[in-house]
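# Understanding the architecture of this molecule
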2 protein chains.
Amino acid sequence: MKFNENLAQLVNYEAGKPIELVVREFGIEPKDVIKLASNENPFGTSERVVNAIKDVAKNAFLYPDDSYFELKNSLASKFNIGAKNIIIGSGSDQVIEFCIHAKANEKNAVLMAGVTFAMYEIYTKHVGAKVYRTKAQEHDLTEFLEIYKANKDEIAIIFLCLPNNPLGGCLDADEVYKFLNEISKETLVVFDCAYNEFAEFKDKKKWIDPAKIVNEFKNAIYLGTFSKAYGLGGMRVGYGIADENIIAELGKIRSPFNITTLSLKAAIEALKDEEFVTKSLENNFKEMTRYEEFAREFDIEFIPSYTNFITFKFKEQNASEIVQKMLKKGIILRDLKSYGMNALRITIGQPWQNDRVLKELKEMLK
Amino acid sequence: MKFNENLAQLVNYEAGKPIELVVREFGIEPKDVIKLASNENPFGTSERVVNAIKDVAKNAFLYPDDSYFELKNSLASKFNIGAKNIIIGSGSDQVIEFCIHAKANEKNAVLMAGVTFAMYEIYTKHVGAKVYRTKAQEHDLTEFLEIYKANKDEIAIIFLCLPNNPLGGCLDADEVYKFLNEISKETLVVFDCAYNEFAEFKDKKKWIDPAKIVNEFKNAIYLGTFSKAYGLGGMRVGYGIADENIIAELGKIRSPFNITTLSLKAAIEALKDEEFVTKSLENNFKEMTRYEEFAREFDIEFIPSYTNFITFKFKEQNASEIVQKMLKKGIILRDLKSYGMNALRITIGQPWQNDRVLKELKEMLK
């Protein structure tokens, strides 16, 4: 049977390996597995949120309030915007999908950084649009602008991943706002800010303000998520914030009930526990320095990270082999081979997890 | 800003009103609201599943095992098929989306019954494909075949909703298998069997066998869900079963982590509690007779239903007005106006819920 031609070009996203797989393949007990491959919050989910989930577990039979009334209102007060400026997605991932499906097509193109979140390209291929990438791996706005100006009529969407996954770097917000002024109002600029809470904590200058996007840039959308700092990766809740015209258009391709009843409650509660987020952020950057020191000691290249992960680029050693060896020891890290790099990405864990990771890495590299 | 042209034609799906809305708008206490608008299981979620959800609530921070290994294996044994024959969706709804996005496009068309599940048309409009509908509201396979033969090169997908939502009727499986033999192997036939457990319980002849689809019909896909008989509407888990070539193609447009960690666990557990399902099915058809008797008494037209709902078609009274009046009393029913009908759909509730609904309806109609 024939399917749409675009599918022929599609490859599947390579997700971080789940704990269950390590248990199945290597017979390691779940409690002995350390998963630092998917940038989940190493402190898990806040107790307050876990309790809220337990309270509403009995409502698993009920479809959620598809208007997401309470969640949108909570986000609106947090960011000082209106509820009409918000769309909810099954992870911010799904909002990326909405943007591409709504705006890209076989006749236009999408521009992104040389190495950036893999789903941008995958969704772009869904609709058969062309992909432009900068030669620079990280976001080089001069190069972005060059490519954009040379292909202005063709480029429908620009993705800026700030901070950038899987590399970790981040631009200053002011630089980005200046860039926006150079872009046509017909081009949609997507700020994927899944790690924005981390960037803001490390350096206020990196913080992209959703309200500024709404008020000043009618062609841009801010994406946020509950998967990282808020410790809800498994619940699949993200959001987009933009001018209400953009939100209305994206809303047309949002399916009803795109998040679960329990996820909705979890996200609402998570916004009430900023203390948990702060604790996570403090641990993250404190522990990050240990990885930085380790990298310097072993002459491993890394980009100063504004996220909850650090990416080690190797010269002589083979990153895939290291990831494989660590896996057999029950430690799941992320091989970046599928990004065309001899590198691995490590989520910053709790101190005891980092102890083990660094000890095992040291054994392997010495 | 311009968006893809297809979006201009799109209207949003009108979901059943949530309890929260009735609470907000009419100030009625949540415990006093009866929601029989979205075909959720009136017995809620099985206790076993609720406990399983509570047990894994602490894992809300972890992305699910994206291979859905255990769930697929459970479904494979249940249906006597292979794990490779299964794709998991965020509700069977999302598998409908996969089918349409993978196979339909601006140059082809999708065929469906005169009145059937609204999402088929919405997803078809996403990709700009044409919609053919039979004149008959319910599935008339002779008419399906006539339209199909007259437009064979154009029709890429045929949807059969068995039993049919929102009307409730169902064809015999044998009749459907015979129909399939008339269809080109290049046309994808989708069996949306969200209510198949109900049909099977009422009349074995209605049961569509997923294994038969896999083994004999390489161009067909069976869709099932945990939202109805299994009492997990709020958890968003459905599945498609087909030849592995179809599953592989659809897999290319499935996003990673498309169901939540808690939903995965809930679905796995739900398959272990068939007793709960049987209890729900027994109650459903026992209580259904009360609605049928009511309809006869008040001369309301209805189609004998093979589902967990009954649809009342009105002649003189205005169904929308009845739905609105019931809403003010805290009873949520589904107005079928958006389907072009002067009708309302009622989910069969628990006996005490049906007592109240029938009492209020009687007041209104007498």
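Residues numbered from 1 in each chain as written. Chains lettered and ligands numbered in written order. Predicted model: local features only at pLDDT ≥ 70, side-chain atom pairs only at ≥ 80, totals over all residues. Heavy atoms only, no water.

As annotated in an unreviewed UniProt entry, chain A carries the name Histidinol-phosphate aminotransferase and comes from Campylobacter californiensis. Recorded in UniProt under Subunit (unreviewed entry), the annotation for chain A is "Homodimer." As recorded by UniProt, the Sequence similarities (unreviewed entry) comment attached to chain A reads in full: "Belongs to the class-II pyridoxal-phosphate-dependent aminotransferase family. Histidinol-phosphate aminotransferase subfamily." (UniProt positions renumbered as here; feature names shortened; annotations may be inferred.)

Scanning chain A from N- to C-terminus turns up 14 helices and 13 strands. Taken against the 2.2 N^0.38 rule, which gives 21 Å for 366 residues, the C-alpha radius of gyration of chain A at 20 Å falls within 12% of a compact globule. Taken along the three principal axes of its C-alpha coordinates, chain A extends 55 × 55 × 55 Å. Evaluated residue by residue, chain A yields a buried proportion of 66% over its 366 residues. Across chain A, the fraction of contacts at a sequence separation of at least 24, relative to all contacts at a separation of at least 6, is 73%. Each charge class in chain A can be summarised by its mean position, and for the 49 positive and 53 negative side chains these summaries are 2 Å apart. (Helix = DSSP H or I, 4+ residues; strand = E, 2+ residues; numbered from the N terminus. Rg over C-alpha atoms; globule rule 2.2 N^0.38 Å. Buried < 20%, exposed > 50% of the residue type's maximum accessible area, 1.4 Å probe, protein only. Contact = heavy atoms within 4.5 Å. Lys, Arg positive; Asp, Glu negative; His and termini not counted. Charge placed at Lys NZ, Arg CZ, Asp CG, Glu CD.)

Moving on, we get to the interface of chain B and chain A. The interface is formed by 71 residues belonging to chain B together with 71 residues belonging to chain A. For the chain B face of the interface with chain A, the top three residues by lost area are Met1(B), Phe61(B) and Tyr63(B), together amounting to 13%. One can count 2 salt bridges joining chain B with chain A. Between Arg24(B) and Asp65(A) there is a salt bridge, with the nearest N and O atoms lying 3.1 Å from each other. Summed over the shared surface of chain B and chain A, the number is 30 residue pairs in polar contact (both at pLDDT 80 or more). When contributions to the side of chain B that touches chain A are tallied by element, the ones reaching two or more residues are α1 (19-26), α2 (47-56), α4 (92-103), α5 (118-126), α10 (244-251) and α11 (261-270) of chain B. Element by element, the count of residues in the side of chain B that touches chain A is highest for α4(B), at 6 residues. When its residues are assigned to classes, the side of chain B that touches chain A shows 32 nonpolar, 21 polar and 18 charged. (Buried area = accessible area lost by both parts, 1.4 Å probe. Salt bridge = Lys/Arg side-chain N within 4 Å of Asp/Glu carboxyl O. Polar contact = N/O pair within 3.5 Å; in protein donor to acceptor, adjacent residues only side chain to side chain. Nonpolar A, V, L, I, M, F, W, Y, C, P; charged D, E, K, R; others polar.)

The next point concerns helix α6 (residues 141-150) of chain A. For α6(A), the set of buried residues is Leu141(A), Glu143(A), Phe144(A), Leu145(A), Ile147(A) and Tyr148(A). Check the buried side of α6(A) and you find it contacts β3 (109-112), β4 (130-133), β5 (155-161) and α7 (173-180) of chain A.

A few words on the confidence of the model for chain A. The predicted coordinates should not be examined in detail at positions where pLDDT is low. Taken residue by residue, chain A gives an average pLDDT of 96. The fraction at 70 or more is 99%. Predicted complex, confidence summary: ipTM 0.97, pTM 0.97. (pLDDT = per-residue confidence, 0-100.)

All right, on to the sheet that holds strand β9 (residues 301-302) of chain B then. Residue and element names in this part refer to chain B. Reading across from one edge, β9-β10-β13-β12 is the order of the 4 strands in this open sheet, with antiparallel pairing throughout. One side of each edge strand has no neighbouring strand; the edge strands of this open sheet are β9 and β12 (334-335). Two strands pair when backbone bridges link them, and strand β10 (residues 309-313) and strand β13 (residues 343-347) are joined in this way by 5 bridges, in the antiparallel orientation. By the bridge assignment for β13, Phe312 is matched with Leu344. Of the strands in this sheet, β12 and β13 are in contact with helix α13 (residues 319-328), which crosses β13 at around 40°. (Pairing = 2+ DSSP bridges. Axes fitted to C-alpha atoms, helices over the stretch in contact; angles between N-to-C directions.)

Attention shifts here to the pattern of salt bridges. A side chain with one charge can pair with a side chain of the opposite charge if their charged atoms come near. Tallied over the entire structure, the rule returns 46 salt bridges over all chains. Taking the shortest distance from any N to any O, the salt bridge between Lys205(B) and Asp203(B) comes out at 3.6 Å. When salt bridges with common partners are traced through the structure, they connect Arg48(A), Lys265(A), Glu269(A) and Lys272(A) into a single cluster.

Let us now look at the pairing of β10(B). Residues and elements named next belong to chain B. Burial runs high along β10: 5 of the 5 residues are buried. For β9 and β10, the ladder comprises 2 bridges, and the chain directions are antiparallel. Opposite Phe302, over in β10, you have Phe312 as the bridge partner.

Right, let's talk about the sheet that holds strand β3 (residues 109-112) of chain B for a bit. All names here are of chain B. Sheet architecture is open: 7 strands sit in the order β2-β8-β7-β6-β5-β3-β4, paired in mixed fashion. Looking at the sheet topology across the chains shown, the edges are occupied by β2 (86-89) and β4 (130-133). The mean inter-strand angle of the sheet, taken between neighbouring strand axes irrespective of direction, is 20°. Sheet analysis places β3 next to β4, joined by 4 bridges and oriented parallel. Paired with Val110 across the strands is Val131, a residue of β4.

Among the residues of α2(B), those classed as buried are Val49(B), Val50(B), Ala52(B), Ile53(B) and Val56(B). The buried residues of α2(B) all sit within an arc of 160° when viewed along its axis, so they share a single face. Opposite the buried face of α2(B), at more than 90 degrees from it, the exposed residues are Glu47(B) and Asp55(B). Among the structural elements, α11 (261-270) of chain A together with α11 of chain B are those in contact with the buried residues of α2(B). (Arc of directions from axis to C-beta.)

There is a patch of like negative charges on the surface, built from Glu5(A), Glu106(A), Glu5(B) and Glu106(B). Its location among the elements puts Glu5(A) in the segment before α1 (19-26). (Patch = residues over 30% accessible without salt bridge, like charges linked within 9 Å, V, L, I, M, F, W, Y side chains within 5 Å. Areas by Shrake-Rupley, 256 points an atom, 1.4 Å probe, with all protein chains shown as cover.)

All names here are of chain A. On domain assignment, one finds that chain A holds domain 1 (5-44 + 274-365) and domain 2 (47-270). Taking only C-alpha atoms into account, the centre of domain 1 sits 24 Å from that of domain 2. With both sides pooled, the region where domain 1 packs onto domain 2 buries about 2,800 Å², and carbon together with sulfur makes up 65% of that total. Together, Asn6, Tyr306 and Tyr339 form the three largest contributors to the area buried by domain 1 at its contact with domain 2, with a combined 24%. Taken together, the elements giving at least two residues each to the side of domain 1 that touches domain 2 come down to α12 (274-297) and β10 (309-313). Element by element, the count of residues in the side of domain 1 that touches domain 2 is highest for α12, at 8 residues. A class-by-class count of the residues in the side of domain 1 that touches domain 2 yields 14 nonpolar, 13 polar and 4 charged. (Domains from an automatic or database assignment.)

The next point concerns the environment of Gly231(A). Residue and element names in this part refer to chain A. Within the element layout of this structure, Gly231 appears in the loop between β7 (220-225) and β8 (238-242). According to the relative accessible area criterion, Gly231 is buried, its value standing at 0%. Residues Gly231 and Leu365 lie 134 residues apart in sequence; the distance between their C-alpha atoms is 32 Å.

So, about the relation of the copies chain B and chain A. In the superposition of chain B on chain A (RMSD 0.0 Å, axial shift 0.0 Å), the rotation amounts to 180°. Put plainly, the chains are arranged around a two-fold axis. The position closest to the rotation axis in chain B is occupied by the C-alpha of Lys54(B), lying 2.5 Å away. Comparing interface residues between copies, 100% of those in chain B also lie at the interface in chain A; the contact surface is shared. (Least-squares fit on C-alpha atoms with pLDDT ≥ 70 in both.)

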